[in-house]
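One-letter residues, chain by chain:
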Amino acid sequence: IPATTAEEFNGKADVIFVCVKGYSLDDTIPFIRSAAGEKTVVIPILNIYGTGRTMQAQLPGLLVTDGCIYISSNLAAPGVIQRHGSIFRVIFGTPDHRTDNPVLCQVAADLTAMAACGQYYHVKAGAMQKPGEIRECFIRLVGEILELARAMGIELDDKPDAPLMQSHLKILDDLAESASTSMQRDMEAGKNS
């Protein structure tokens, strides 16, 4: 959520990523309650595991996943995170290990499709936001991810004009034109991915 307070947000989030230090988790609960709707999914991404279960007790009625990030980084300046080394892995999912939650599948698909398309064409989000070959590739990649989900027994609405595909495109279109994925930046810099 780009807003700093629930009042600035003026809506209900589909997904809320919680990316704070463990000692600040309790401080996020009032904001999450005010920014969340009935179907909001909360994904804690901290460098420790098990925070989802702790937060779930404080946020009954919402789906709070377990989540963890493996990274070595520090705040280099306000709004600037400096990563050290090649370790960067984000893991999230439900405590029961189910793989059929459409919102979580969408988050994973959005991150995967943008990374693959951006790396293949060596472009940032702006090139995928414009009509043409690159955007069509992004759409085909999302479609392929949805087909894989269906083959795994996860039924998702995968037609080009369906709400799920449209939400993927909305997320892409809402990104800054200069946005790219960490995988793409690592590969362009010759680092491991």
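Residues numbered from 1 in each chain as written. Predicted model: local features only at pLDDT ≥ 70, side-chain atom pairs only at ≥ 80, totals over all residues. Heavy atoms only, no water.

1. Observations concerning the packing of helix 2 (residues 25-35) against helix 3 (residues 51-58)
And step 1. As a packed pair, helix 2 and helix 3 sit with axes 11 Å apart at the nearest point and diverge in direction by 50°. It follows from the interaxial angle that helix 2 and helix 3 lie oblique. Regarding helix 2 and helix 3, the two cross each other, and that crossing is right-handed. Facing Leu25, Asp26, Thr28, Ile29, Ile32 and Arg33 of helix 2, the residues of helix 3 in contact are Thr51, Met55 and Gln58.
And step 2. Partitioning the contact of helix 2 with helix 3 into residue classes produces 4 nonpolar, 3 polar and 2 charged. (Axes fitted to C-alpha atoms, helices over the stretch in contact; angles between N-to-C directions. Helix = DSSP H or I, 4+ residues; strand = E, 2+ residues; numbered from the N terminus. Parallel < 35°, antiparallel > 145°, perpendicular 65-115°, else oblique. Left-handed = near helix turned anticlockwise from the far one by under 90°. Contact = heavy atoms within 4.5 Å. Nonpolar A, V, L, I, M, F, W, Y, C, P; charged D, E, K, R; others polar.)

2. Points about the confidence of the model for the chain
And step 1. For the chain, per-residue confidence averages 78 on the pLDDT scale, and residues scoring 70 or more make up 82% of the total.
And step 2. By mean pLDDT, helix 1 (residues 6-9) is the weakest element of the chain at 52, and helix 2 is the strongest at 93. (pLDDT = per-residue confidence, 0-100.)

3. Looking at unusual backbone geometry
And step 1. Residues other than glycine seldom take positive phi values, yet His122 does so here, at roughly 55°.
And step 2. By secondary structure assignment, the location of His122 is in the loop between helix 4 (102-121) and helix 5 (125-129).

4. Re the environment of Gly61
And step 1. Mapped onto the elements of the fold, Gly61 is located in the loop between helix 3 and strand 3 (63-64).
And step 2. As a C-alpha pair, Gly61 and Gly37 span 24 residues in sequence and 9.7 Å in three-dimensional space.

5. Concerning the pairing of strand 2 (residues 36-44)
And step 1. In terms of residue burial, strand 2 counts as a mostly covered element, since 7 of its 9 residues are buried.
And step 2. By the bridge criterion, 5 bridges tie strand 1 (residues 13-18) to strand 2 in an arrangement that is parallel. For Ala13, the partnering residue across the bridge sits in strand 2 and is Ala36.
And step 3. Taking the sense of rotation as the criterion, the β-α-β connection linking strand 1, helix 2 and strand 2 turns out right-handed.
And step 4. As paired elements, strand 2 and strand 3 share 2 bridges and run parallel to each other. Across the sheet, the residue bridging to Val42 is Val64, located in strand 3.
And step 5. In terms of handedness, the path from strand 2 via helix 3 over to strand 3 forms a crossover that is right-handed. (Buried < 20%, exposed > 50% of the residue type's maximum accessible area, 1.4 Å probe, protein only. Pairing = 2+ DSSP bridges. Right-handed = clockwise from strand over helix to strand, strands pointing away.)

6. So, the sheet that holds strand 1
And step 1. Ordered in space as 1-2-3, the 3 strands form an open sheet in which the pairing is parallel. Each having just a single partner strand, strand 1 and strand 3 make up the two edges of the open sheet.

7. Digging into the nonpolar core
And step 1. The biggest cluster of nonpolar side chains holds 16 residues, and the ones touching the most others in it are Met114, Cys117, Met128, Phe138 and Val142.
And step 2. Of all the secondary structure elements, the ones that give two or more residues to this core are helix 4, helix 5, helix 6 (133-151) and helix 7 (163-174).
And step 3. At 6 residues, helix 6 tops the list of elements feeding residues into this core.
And step 4. With 14 residues, the next largest nonpolar core counts Ile16, Val18, Ile32 and Leu59 among its residues. (Core = buried A, V, L, I, M, F, W, Y, C linked by side-chain atoms within 4.5 Å.)

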